[in-house]
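A structural walkthrough
One letter stands for each residue in the lines below.
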Amino acid sequence: INLAISFVLGSFIDWRAHLGGLVVGTAVAVLFAHGPNRRQAVYRVIGCAAIVVILAGAVSWRTTELSSLTGPRQTLKSAGGSVHGALGHYSGENEDGRTGIGVQSS
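Turning to the overall build of the protein, a few remarks are in order. Along the protein, the regular secondary structure elements total 3 helices and 4 strands. Put simply, the protein has 106 residues, and 12% of those count as buried. Expressed as a percentage of contacts within the protein between residues at least 6 apart in sequence, the contacts between residues at least 24 apart total 5%. Carbon and sulfur atoms form 66% of the exposed surface of the protein, whose accessible area is close to 8600 Å².

Next comes the structure, spelled out in structure tokens:
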């Protein structure tokens, strides 16, 4: 059902998120249902910890990969400072001198 929701018009949840939940949910279900009878709790804890480590590694890898596509990292200075990034320059003062965040093209 959840995977079908992804393909319904107007759904804002990506199909890959539902597919990922299906895969990880299946892995945890198999881990809990087919684990050894002896020391079940230890097996489940270690198995779930392994899944978390694998997911954290995948997120780290993908974040690094996407960061390389976006260019330089954005930096944020104090409230009166400025932000520089891929979208341009954001200053602590507007064009008319009032305090705020104004957008200036780069």
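Turning next to unusual backbone geometry. Excluding glycine, most residues fall at negative phi; most peptide bonds, likewise, are trans. Despite not being glycine, R39 has its phi angle at roughly 60 degrees, a positive value. By the element assignment, R39 lies in the loop between helix 2 (15–33) and helix 3 (40–70).

Following the criterion strictly, the structure yields 1 salt bridge and no others. Residues R62 and E65 are paired through a salt bridge, measuring 2.2 Å at the closest nitrogen-oxygen approach. Taken together, the residues R62 and E65, both in helix 3 and 3 residues apart, mark about one turn of the helix. Taking relative accessible area as the criterion, R62 reaches 39% and is therefore assigned partly exposed.

A word on a nonpolar patch on the surface. The grouping of F7, W15, L19, L22 and V23 at the surface amounts to a nonpolar patch, some 500 Å² of accessible area in total. You can see V23 is positioned in helix 2.

A separate point is the packing of helix 2 against helix 3. How two helices sit against one another is set out by the angle between their axes and by the gap between those axes. Look at helix 2 against helix 3: their axes get within 9 Å of each other, and the N-to-C directions meet at 160 degrees. In terms of orientation, helix 2 and helix 3 fall into the roughly antiparallel class. The chirality of how helix 2 crosses helix 3 is right-handed. Contact residues: V24, A27, V28, L31 and F32 in helix 2; Y43, R44, G47, C48, I51 and L55 in helix 3. Grouping the amino acids of the contact of helix 2 with helix 3 by side-chain chemistry returns 9 nonpolar, 1 polar and 1 charged.

Turning our attention to the environment of V45. Turning to its location among the elements, V45 is positioned in helix 3. A relative accessible area of 58% places V45 in the exposed class.

Considering every residue of the protein, the mean pLDDT works out to 74; 58% of them sit at 70 or more. Of all secondary-structure elements in the protein, the lowest mean pLDDT belongs to strand 4 (residues 99–104), at 48, while helix 3 reaches the highest, 91. The model gives residues 100–106 a pLDDT under 50, and that stretch makes 21 contacts with residues more than four places away or in other chains.

Thresholds, definitions, all that
- Residues numbered from 1 in each chain as written.
- Predicted model: local features only at pLDDT ≥ 70, side-chain atom pairs only at ≥ 80, totals over all residues.
- Heavy atoms only, no water.
- Helix = DSSP H or I, 4+ residues; strand = E, 2+ residues; numbered from the N terminus.
- Buried < 20%, exposed > 50% of the residue type's maximum accessible area, 1.4 Å probe, protein only.
- Contact = heavy atoms within 4.5 Å.
- Areas by Shrake-Rupley, 256 points an atom, 1.4 Å probe, with all protein chains shown as cover.
- Salt bridge = Lys/Arg side-chain N within 4 Å of Asp/Glu carboxyl O.
- Patch = residues over 30% accessible without salt bridge, like charges linked within 9 Å, V, L, I, M, F, W, Y side chains within 5 Å.
- Axes fitted to C-alpha atoms, helices over the stretch in contact; angles between N-to-C directions.
- Parallel < 35°, antiparallel > 145°, perpendicular 65-115°, else oblique.
- Left-handed = near helix turned anticlockwise from the far one by under 90°.
- Nonpolar A, V, L, I, M, F, W, Y, C, P; charged D, E, K, R; others polar.
- pLDDT = per-residue confidence, 0-100.

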